[in-house]
Every structure is written in C-alpha cells, then in structure tokens.
There are 4 protein chains.
Amino acid sequence: MTGGEKRRQARIEQVLDAAADCFVEFGFHRAGMAKIAERARMSPGHIYHYFENKEAIIAAIVDRESARAAERFAEFDAVDSAQLATVMTERAIESIAQKTDILQSALNMEMLAECQRNPEVAEIIQRHDRYIRDQLAHLIHDKLGLDRAEARTDMMMVQFSGLANRLLRNPDLDLKNIVGLMRQTMLSILSPAPVTKGE
Amino acid sequence: MTGGEKRRQARIEQVLDAAADCFVEFGFHRAGMAKIAERARMSPGHIYHYFENKEAIIAAIVDRESARAAERFAEFDAVDSAQLATVMTERAIESIAQKTDILQSALNMEMLAECQRNPEVAEIIQRHDRYIRDQLAHLIHDKLGLDRAEARTDMMMVQFSGLANRLLRNPDLDLKNIVGLMRQTMLSILSPAPVTKGE
Amino acid sequence: MTGGEKRRQARIEQVLDAAADCFVEFGFHRAGMAKIAERARMSPGHIYHYFENKEAIIAAIVDRESARAAERFAEFDAVDSAQLATVMTERAIESIAQKTDILQSALNMEMLAECQRNPEVAEIIQRHDRYIRDQLAHLIHDKLGLDRAEARTDMMMVQFSGLANRLLRNPDLDLKNIVGLMRQTMLSILSPAPVTKGE
Amino acid sequence: MTGGEKRRQARIEQVLDAAADCFVEFGFHRAGMAKIAERARMSPGHIYHYFENKEAIIAAIVDRESARAAERFAEFDAVDSAQLATVMTERAIESIAQKTDILQSALNMEMLAECQRNPEVAEIIQRHDRYIRDQLAHLIHDKLGLDRAEARTDMMMVQFSGLANRLLRNPDLDLKNIVGLMRQTMLSILSPAPVTKGE
DNA sequence: TATGAATGAGACTTCATTCAT
DNA sequence: AATGAATGAAGTCTCATTCAT
C-alpha cells in the first residue's frame with residue numbers, strides 16, 4: 001500500500017468512526033452529514049471524495065460492524081469442545097453486561113430495521129451472518145460430531161440476538177439468574193440426545 | 001360512547017393504520033406526514049386534530065403494537081402446563097412463518113432502535129414487556145411450580161425475539177429443522193432440574 | 001334593540017374580549033382563531049357569523065380600544081382650567097403606574113405597527129385621534145383662551161404616548177421623579193407666554 | 001479580518017438589510033423567510049448558516065436598529081450646552097420630517113410590540129436605551145450642572161418617542177407649529193428652575 | 001486533496017376559513 | 001344559531017449534495 005493509499009484509508013476510517021458515533025446517537029436518518037463531517041474533522045464536501053453518498057457510508061458501517069461481530073465469533077474456533085457451551089454463555093453474558101454486544105444494540109437495531117428496506121444492507125448483513133454460521137456449523141459438525149449442525153447453529157445464535165434484544169425490553173434483566181439457564185440452554189442445543197423431529 | 005366519539009376513534013384508527021403501514025415501508029423517520037395523511041385519506045393538517053405531533057403517532061403505534069403482542073401472549077394462560085413448551089414453540093414458529101411475529105420484524109426493529117433515543121418509547125415498550133413477563137412468570141411459578149420464574153420467563157422470551165431476529169439475518173432459516181431444537185430448548189428452560197448456579 | 005339583537009351584541013363582545021386577550025398575549029398574527037374561539041367559548045366556525053374574517057376582528061378591536069381611549073380623554077372636559085395641566089399629569093402618571101395606559105402598551109404598539117400596513121386600521125386610529133384632538137383643542141382654545149390650540153394639543157398628546165413608550169424602553173423609570181417634570185412640561189405647553197416661532 | 005470573515009460579514013449584512021426591508025413592509029411575523037431570502041439573493045436554507053432561526057434575525061435587527069439610534073444620540077455630546085434644547089428639537093423634528101426617526105416608526109412599533117412578548121428583544125432594547133440615557137444624563141448633569149439628571153433625561157426622550165408616535169396617529173401633524181412648542185418644552189425640561197416636587 | 005458556501009427539495013407544523021350537520 | 005371536522009396553503013427549518021476556489 002502506497003503512502004497515499006494509507007492516508008486515504010485512514011481518512012475513510014475517520015469518517016466511519018464519526019459516522020458510527022452519530023448513527024448510535026441519532027440513528028441513520030437523523031445523523032446529518034454535517035455532524036458526521038464535524039466529528040470526522042473534515043468538511044462535508046470532502047466526505048464525497050471517499051463515499052459516493054450517505055447510503056454508501058451506511059453500507060460501509062454495516063459491513064464493518066458485521067465483520068467485527070464475525071471476528072468475535074472466530075475465537076470460538078479455538079475453544080475446547082467440552083467447554084463450548086460454557087464459553088459461549090460467558091461471552092454472551094459478558095458482551096451484554098459490557099454493552100459491547102456482538103449485536104451492539106444501538107447500531108444493530110438500526111441495521112436490522114434498515115435491512116428490510118435496503119437490499120444492499122440486507123445482502124451485507126446476510127453475507128456476514130452466513131460466514132459466521134459456516135464457521136460455527138463446521139465446529140458443531142466436525143469437532144462436536146453433531147447432526148443438524150445448521151439448525152443447532154441458528155439456535156445458538158438465537159440466544160445471542162435474543163439476549164441482546166431482551167435487555168432492551170427489560171432493562172432490569174437479572175443477568176446473574178439468567179446465566180445458569182443460558183448455559184443449560186446452550187448445552188441442550190449442543191446435546192447429541194436424539195430429539196423427536198418436530199412439526 | 002357518543003356518535004362523535006365513535007367517529008373520532010375511527011379516524012384515529014385510520015391514522016394509526018396508515019402510519020403503521022408507512023412506518024413498515026419507510027421507517028419512522030422516512031415516513032412523511034404527507035404520505036401518512038394520504039394513506040389515511042385525510043389532509044396533513046387534520047392529523048394534528050388527533051395527534052399533537054409525529055412523535056405522538058409513533059408513541060401510539062408503539063403502544064398499539066406492544067399491546068397486540070401482549071394479547072398474543074395472553075392465550076398461553078389457557079394452555080395445559082404439560083403442553084406449554086410445545087404450544088409456545090408452535091406459536092413462535094408459526095408467527096415467524098406467517099411473518100406476523102409477536103415482534104413483527106419490520107416495525108419491531110424500528111421500535112427497538114427508537115427506544116434507545118426516545119425515553120417515552122422506551123417506557124411504553126418496557127411497560128408492555130413487564131406486563132407480559134408478569135403473566136408468564138405467574139404461569140411458570142404457580143401452574144408449573146418452578147423456581148426462578150422471572151429468569152425462566154426472560155429466557156423463554158429470548159427465544160421469541162431471538163428467532164424473529166434470526167430470520168432477518170438468515171432468511172433461508174430452515175424452520176423445519178429448528179422446531180425440534182426450539183421445543184427441546186423451551187422444555188429445558190421449563191425443566192425443574194436443578195441447575196448449577198452460573199458464572 | 002330586540003332580544004335577538006341584544007344577544008347578538010353580547011356574543012360579539014364575547015369575541016372581542018377574547019380577541020383582545022389573545023392579541024395582548026400573542027400579538028395579532030400569533031393569536032389563532034382557534035384560541036380566540038376557545039376563550040370566547042364559541043366554535044371557530046361560529047365566529048364567522050359575526051365577523052367576516054380575522055381582519056374584521058382586528059379592526060373592531062382597534063375601534064373599541066381607540067374609543068375607550070377617547071372616553072378617558074372626555075373627562076378632561078369637566079376639569080377646571082387652572083388645574084388642567086396638573087390633572088392631565090396625574091392621569092398620565094396614574095395610567096402608566098396602573099399599566100392601564102390610554103395607550104395600553106401591549107395592544108397599542110401592535111395597533112400602531114398594524115396601522116402602517118393596514119389602511120383600514122390607520123383610518124380608525126386616526127379618526128379617533130382626530131376626535132380626541134378636537135375635544136382637547138376646543139378646551140385649550142375656548143376655555144383656556146390659548147392660540148395655536150392644535151399644536152398645543154399635539155404636544156400634550158406627545159407626553160401621553162411618549163411616557164407610555166418610555167416605560168417599555170426603561171422599565172425602571174422613576175415615576176416619582178418624573179411627575180414634577182411632567183407637570184412642569186404640561187404647564188409650559190399650556191402657558192400663554194409668547195414663544196419665538198421656531199425653525 | 002480574513003477574506004472569508006469579510007465575505008461572511010457582508011452576507012450577514014445582506015440578510016439583515018433584506019430582513020429590515022421585509023419587517024418594515026410586512027411586520028416580523030408576516031415576513032416570510034422565503035421573502036427575506038429572495039431579497040437577500042440567497043436560498044432560504046443558506047440563511048440558517050448565518051442565523052440560528054428567525055428569532056435570531058429579529059434580535060439582530062433590533063440590536064442593529066437600536067445601535068443606530070444610539071449613534072444618532074452620540075452627536076449631542078459635541079453640542080454647546082446653551083444650544084442643547086434647540087439642537088435636540090431640530091433633530092427630533094428633522095428626523096420626523098425625514099421619516100428616518102431615531103425610532104423609525106415602522107420598525108420601532110414592531111420592536112416595542114415584540115419586546116413585550118420576547119424577553120431577549122426586551123433586553124436588547126433596554127440595554128441600548130440605558131446606554132443612551134447614560135450618555136444624556138452625563139451631559140445634563142456634568143455639562144449643564146443640573147440635578148435629577150435621570151428624570152430629565154427620560155423626559156427628553158419622552159419627547160422623541162412621543163413625537164414619532166404622534167405622527168402615526170395624526171399624519172397631518174403640523175410640524176411648523178409644533179417646533180416652537182417642542183423647543184420650549186425641551187428648554188423647560190432643561191431649566192434649572194426649582195420645581196415643586198410632585199406627588 | 002480540501003474547504004465550506006450554497007442550493008432547493010422536502011420535512012413537520014400552523015392556521016384562516018369553509019361546510020355538512 | 002352553532003358546531004367542529006376538514007382543508008390546503010404557507011410557514012419555519014433541515015439536510016444531502018454540489019461546486020467554485
């Protein structure tokens with residue numbers, strides 16, 4: 001990467017950081033380009049040298065945030081099979097407790113709301129999710145030797161997003177009492193025990 | 001209720017229906033009052049005879065949708081204890097499949113996003129959630145005779161919102177394979193089996 | 001006057017009272033018909049049975065207020081010539097002190113501002129002023145036997161409106177110290193002493 | 001001042017000139033931003049780069065006009081004591097005759113009306129008035145050696161605003177005949193002759 | 001590369017007035 | 001006589017985007 005390119009990349013990150021900030025604080029459609037420019041210490045006009053329009057910034061943010069979430073899932077690769085449920089529970093509870101959730105609530109609800117109206121955003125979110133699921137399903141199938149790996153994967157992920165969502169609706173959520181049930185739930189999902197096929 | 005009051009109520013519903021429509025299609029902040037008025041077959045100005053401002057419409061929608069969600073939970077009261085997990089699973093899967101989810105995705109993401117910036121919206125959402133939890137916790141404690149009813153309640157609800165959320169990120173979600181795991185998960189959450197207290 | 005006419009007149013007064021209230025509080029152009037109707041305990045639509053439009057209400061208010069001001073000047077007719085300056089001074093100071101000034105500040109500034117843009121309002125104000133001046137000039141000429149009665153009249157009235165105006169710009173105005181100078185000024189204006197014709 | 005700052009200042013003046021124009025013609029609340037923008041040869045939106053809102057423009061106009069009025073009073077500083085009453089009379093009559101009155105009628109009535117509903121406007125007007133009075137009182141006390149300088153000052157200013165006001169109510173005002181009485185009045189106000197303290 | 005002045009469409013909201021009842 | 005629902009134009013203000021410098 002040339003010096004010019006490096007500088008360009010740094011400027012882009014500056015804009016994205018500012019944009020993420022504003023999006024969290026005001027939402028996609030209330031965050032003005034002027035405000036973003038100000039926080040990125042850049043003129044409004046200049047942002048258009050790096051992004052075609054605001055939509056492109058939103059897409060870039062969605063992409064970056066989704067990628068970061070995926071990264072956080074990558075660490076589960078290294079976890080001992082026997083400990084997977086426990087570690088995942090810990091991570092889920094932890095991230096909720098620190099409000100740095102994988103699904104960083106503020107931005108995430110915004111993203112999911114947008115994803116229903118903006119096909120590009122939907123594509124980005126779904127692509128990253130597919131990537132995470134592929135990793136996790138691989139883990140579940142190959143390392144844990146379980147069947148129906150895709151379904152188990154989705155059920156595991158239900159717990160993550162469900163928990164984040166829950167905290168918004170019940171801010172008094174008692175994490176201390178949840179943690180045991182959450183581990184039990186994850187263990188159940190990862191249990192080889194034959195399940196009567198539903199429906 | 002007088003004729004005038006009935007008419008007034010009907011007009012208000014007209015506005016709310018139109019608003020819900022627009023909010024689903026465009027989101028809270030992209031749905032213009034002009035568009036809402038048009039769909040409500042009413043002049044923009046006249047909407048202000050029924051609602052102080054757009055915020056009030058948003059609040060009313062959030063309230064109405066949350067109340068409807070609560071209603072859907074009310075039916076669980078009548079369910080046989082032994083069947084609760086199965087019935088809840090069925091409802092969760094069903095509502096997802098029919099896209100009439102308790103957490104009607106489109107509007108719900110919007111609501112949760114808003115809830116982080118608008119204290120009034122947060123209060124409404126949390127009030128309804130508390131009401132649903134009180135019902136469910138009562139069921140779990142009194143009819144099922146389980147301890148930690150609040151935590152189990154929250155975990156049950158994690159499944160509902162988590163599943164809805166999942167569908168947005170993975171539109172190819174294989175519901176047929178999920179249903180068994182979901183029932184197993186709910187049964188696990190409602191199982192009296194002692195759980196090692198977490199963390 | 002028939003019963004119907006009396007009732008009609010009463011309703012009109014109701015509107016005017018409400019309008020005067022609102023005009024003082026919000027100004028002509030910020031006082032909405034809805035607010036006026038509410039204070040007049042009448043529906044907005046019904047006001048149009050008595051007044052063609054808002055302009056007509058403004059005109060009626062200007063007329064009524066000007067007439068009341070004229071009435072207040074009428075009492076000077078009965079005053080002993082020797083006491084005229086003193087009594088006028090007293091009235092001027094009094095009305096200022098009680099904020100019920102002849103030129104009831106709130107409404108009066110509004111009226112004078114309007115009078116420069118609305119010929120009908122101008123005509124009303126000037127007609128009443130002419131009436132007051134005619135009375136006063138007659139007093140000055142016939143009872144006090146002074147020359148240049150019109151000019152003296154205008155100078156007397158300069159004191160009234162000037163004082164009201166002053167209070168707006170200097171709310172700390174020390175009336176106690178003004179009163180002496182005001183009497184002296186009025187005496188000077190009413191003094192027969194030959195004045196070198198100016199300019 | 002940099003070129004940018006100079007340009008900015010010029011643009012602001014452009015807006016103020018246009019606004020003053022519109023305010024005189026239509027009044028504060030009838031003068032639309034669109035009209036002001038048009039006369040300032042600027043887009044409506046751009047005005048908001050210089051002024052936070054319309055209120056701010058009104059405040060700026062009130063400030064500018066009041067400052068100009070104050071300036072006009074400053075010239076009296078240089079006047080020979082013996083000539084003060086005569087010069088002030090001349091200026092009062094002159095400014096009335098040229099309709100460039102210190103209290104430029106059109107705008108001034110508007111300002112005084114506003115001042116009763118807008119505390120910021122009131123503060124501005126009263127601040128400038130205090131400044132003018134301080135100058136004049138100093139003149140009266142130090143150069144003319146008179147007592148009760150504040151009261152005399154206020155009485156002098158009663159003449160200015162009273163005269164402007166009078167012209168609105170009596171457009172046929174005979175200035176030629178007023179001038180003598182006005183000089184006499186001002187002389188009387190500035191006369192050292194002991195006055196029986198009133199009330 | 002960088003600025004920030006400038007635009008103009010469109011957002012929410014108010015309000016005088018009309019009209020069916 | 002009386003209501004108040006209803007209209008729609010106009011008001012203030014915001015904001016994504018462009019462009020001269």
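Scoring rules and cut-offs
- Residues numbered from 1 in each chain as written.
- Chains lettered and ligands numbered in written order.
- Predicted model: local features only at pLDDT ≥ 70, side-chain atom pairs only at ≥ 80, totals over all residues.
- Heavy atoms only, no water.
- Near = heavy atom within 4 Å.
- Polar contact = N/O pair within 3.5 Å; in protein donor to acceptor, adjacent residues only side chain to side chain.
- Helix = DSSP H or I, 4+ residues; strand = E, 2+ residues; numbered from the N terminus.
- Nonpolar A, V, L, I, M, F, W, Y, C, P; charged D, E, K, R; others polar.
- Axes fitted to C-alpha atoms, helices over the stretch in contact; angles between N-to-C directions.
- Parallel < 35°, antiparallel > 145°, perpendicular 65-115°, else oblique.
- Contact = heavy atoms within 4.5 Å.
- Least-squares fit on C-alpha atoms with pLDDT ≥ 70 in both.
- Buried < 20%, exposed > 50% of the residue type's maximum accessible area, 1.4 Å probe, protein only.
- Buried area = accessible area lost by both parts, 1.4 Å probe.
- Salt bridge = Lys/Arg side-chain N within 4 Å of Asp/Glu carboxyl O.
- Phe/Tyr/Trp six-rings, centres within 6.5 Å; stacked < 30°, edge-to-face > 60°.

Enquirer: Can you tell me about the protein's contact with DNA strand F, naming the residues and giving the values?
Expert: The environment of DNA strand F is formed by 31 residues, the closest being Met33 and Lys54 of chain A, His46 and Tyr50 of chain B together with Lys54 of chain D. In DNA strand F, the atoms that sit within 4 Å of the protein are 60% sugar and phosphate, with bases accounting for the remainder. A distance of 3.0 Å separates a phosphate oxygen of DNA strand F from a polar side-chain atom of tyrosine 48 of chain A. Interatomic distance of 2.6 Å between a side-chain N/O atom of arginine 7 of chain C and a phosphate oxygen of DNA strand F. Breaking the surface near DNA strand F down by element, the ones donating at least two residues are helix H3 (44-50) of chain A, helix H1 (3-26) and helix H3 (44-47) of chain B together with helix H1 (3-26) and helix H3 (44-47) of chain C. Per-element accounting of the surface near DNA strand F gives the leading share, three residues, to H3 of chain C. Residues belonging to the surface near DNA strand F are distributed by class as follows: eleven nonpolar, 14 polar and six charged.

Enquirer: Any details on the packing of helix H6 (residues 105-115) of chain B against helix H7 (residues 119-143) of chain B? Residues and values, ideally.
Expert: All names here are of chain B. At their nearest, the axes of H6 and H7 sit 7 Å apart, and the two run at 120 degrees to each other. Judged on the interaxial angle alone, H7 and H6 are oblique. Contacts between H6 and H7 pair Met111, Leu112, Glu114 and Cys115 from the former with Val121, Ala122 and Ile125 from the latter. For the contact of H6 with H7, the class distribution of residues is six nonpolar, no polar and one charged.

Enquirer: Let's hear about the relation of the copies chain A and chain B: which residues, and what values?
Expert: Take chain A, turn it by 179 degrees, move it 0.0 Å along the axis, and it overlays chain B with an RMSD of 0.2 Å. Both copies are brought into coincidence by an operation consistent with a two-fold rotation axis. Every residue of chain A has its C-alpha some distance from the rotation axis, and the shortest such distance is that of glycine 162 of chain A, at 1.7 Å. Both copies share a contact surface, since 100% of the interface residues of chain A are interface residues in chain B too.

Enquirer: Give a detailed account of unusual backbone geometry, specifying residues and quantitative values.
Expert: Across residues other than glycine, the phi torsion is negative in most instances, and most of the peptide bonds are trans. We note that arginine 41 of chain B has phi near 45 degrees; this positive angle belongs to a residue other than glycine. Look at arginine 41 of chain B and you get exposed, because its relative accessible area is 66%. Even without a glycine there, the phi angle at arginine 148 of chain C is positive, about 40 degrees. With respect to the helices, strands and loops of the structure, arginine 148 of chain C is situated in the loop between helix H7 (119-143) and helix H8 (149-169).

Enquirer: Account for the environment of tyrosine 48 of chain A, with residues named and values stated.
Expert: Of note, tyrosine 48 of chain A is situated in helix H3. With near-sequence residues (within four places) excluded, tyrosine 48 of chain A lies in contact with Met33 and Asn53 of chain A.

Enquirer: How would you summarise the interface of chain A and chain B if you had to cite specific residues and measurements?
Expert: Listed as interface residues are 58 residues of chain A and, on the opposing side, 58 residues of chain B. Surface buried jointly by chain A and chain B totals about 5,300 Å² across both partners, of which 55% is contributed by carbon and sulfur atoms. Where chain A packs against chain B, one counts six salt bridges. Glutamate 110 of chain B serves as the salt-bridge partner of arginine 117 of chain A, at 2.7 Å between the closest nitrogen and oxygen. Inspection of the region where chain A meets chain B yields 24 residue pairs in polar contact (both at pLDDT 80 or more). Looking at the side of chain A that touches chain B, the elements that each hand over two or more residues are helix H1 (3-26), helix H6 (105-115), helix H7 (119-143), helix H8 (149-169) and helix H9 (175-189) of chain A. Looking at the side of chain A that touches chain B, the element that brings in the most residues is H8 of chain A, giving 14 residues. Class assignment for the residues of the side of chain A that touches chain B results in 24 nonpolar, 19 polar and 15 charged.

Enquirer: Tell me about the protein's contact with DNA strand E, and name the residues and values.
Expert: Lining the immediate environment of DNA strand E, one finds 31 residues, of which Met33 and Lys54 of chain B, Met33 of chain C together with His46 and Tyr50 of chain D sit closest. Restricting the count to atoms of DNA strand E within 4 Å of the protein gives a sugar and phosphate share of 59%. Within the side chain of arginine 7 of chain A, a nitrogen or oxygen atom sits 2.7 Å from a phosphate oxygen of DNA strand E. Here tyrosine 50 of chain A contributes a side-chain N or O atom positioned 2.7 Å from a phosphate oxygen of DNA strand E.

Enquirer: Can you explain the relation of the copies chain C and chain D? Please cite residues and give values.
Expert: If you rotate chain C by 179 degrees and push it 0.1 Å along the axis, it lands on chain D with an RMSD of 0.2 Å. Take the interface residues of chain C: 100% of them recur as interface residues in chain D, which is what a same-surface contact looks like.

Enquirer: Give me the lowdown on the pattern of salt bridges, citing residues and values where you can.
Expert: What the rule picks out here adds up to 61 salt bridges over all chains. In this structure, arginine 148 of chain C and aspartate 147 of chain C form a salt bridge, with 3.5 Å as the shortest nitrogen-oxygen distance. On the basis of relative accessible area, arginine 148 of chain C is assigned to the partly exposed category, the value being 23%. A relative accessible area of 41% places aspartate 147 of chain C in the partly exposed class. Bridged by salt links that share partners, the residues Asp129, Arg133 and Asp154 of chain A together with Arg166 of chain B form one connected network.

Enquirer: Which residues make up the environment of arginine 133 of chain A, and what values do they have?
Expert: By the secondary structure assignment, arginine 133 of chain A is in helix H7. Since its relative accessible area comes to 13%, arginine 133 of chain A is described here as buried. Between the C-alpha atoms of arginine 133 of chain A and arginine 152 of chain A, which are 19 residues apart in sequence, the distance is 9.9 Å. Every residue in contact with arginine 133 of chain A, bar those within four places of it in the chain, is listed here: Gln126, Thr153, Asp154 and Met157 of chain A together with Arg166, Arg169 and Asn170 of chain B.

Enquirer: Any chance you could break down the interface of chain C and chain D for me, citing the residues and the numbers?
Expert: Taken residue by residue, the interface counts 58 residues in chain C and 59 residues in chain D. At the boundary of chain C with chain D, total buried surface from both sides reaches about 5,300 Å², with 55% on carbon and sulfur atoms. Our count for the chain C to chain D interface comes out at six salt bridges. Split by residue class, the side of chain C that touches chain D holds 24 nonpolar, 19 polar and 15 charged.

Enquirer: Can you explain the packing of aromatic side chains? Please cite residues and give values.
Expert: Residue and element names in this part refer to chain A. Going through the model one piece at a time under the given rule, you end up with 16 aromatic pairs over all chains. Note on phenylalanine 76 and phenylalanine 160: the rings are 6.4 Å apart at their centroids and 50 degrees apart in plane angle, and the pair reads as tilted. One end of the pair, phenylalanine 76, is in the loop between helix H4 (54-74) and helix H5 (84-97); the other, phenylalanine 160, is in helix H8, and 84 residues separate them in sequence. One exposure class covers both phenylalanine 76 and phenylalanine 160, and it is buried.

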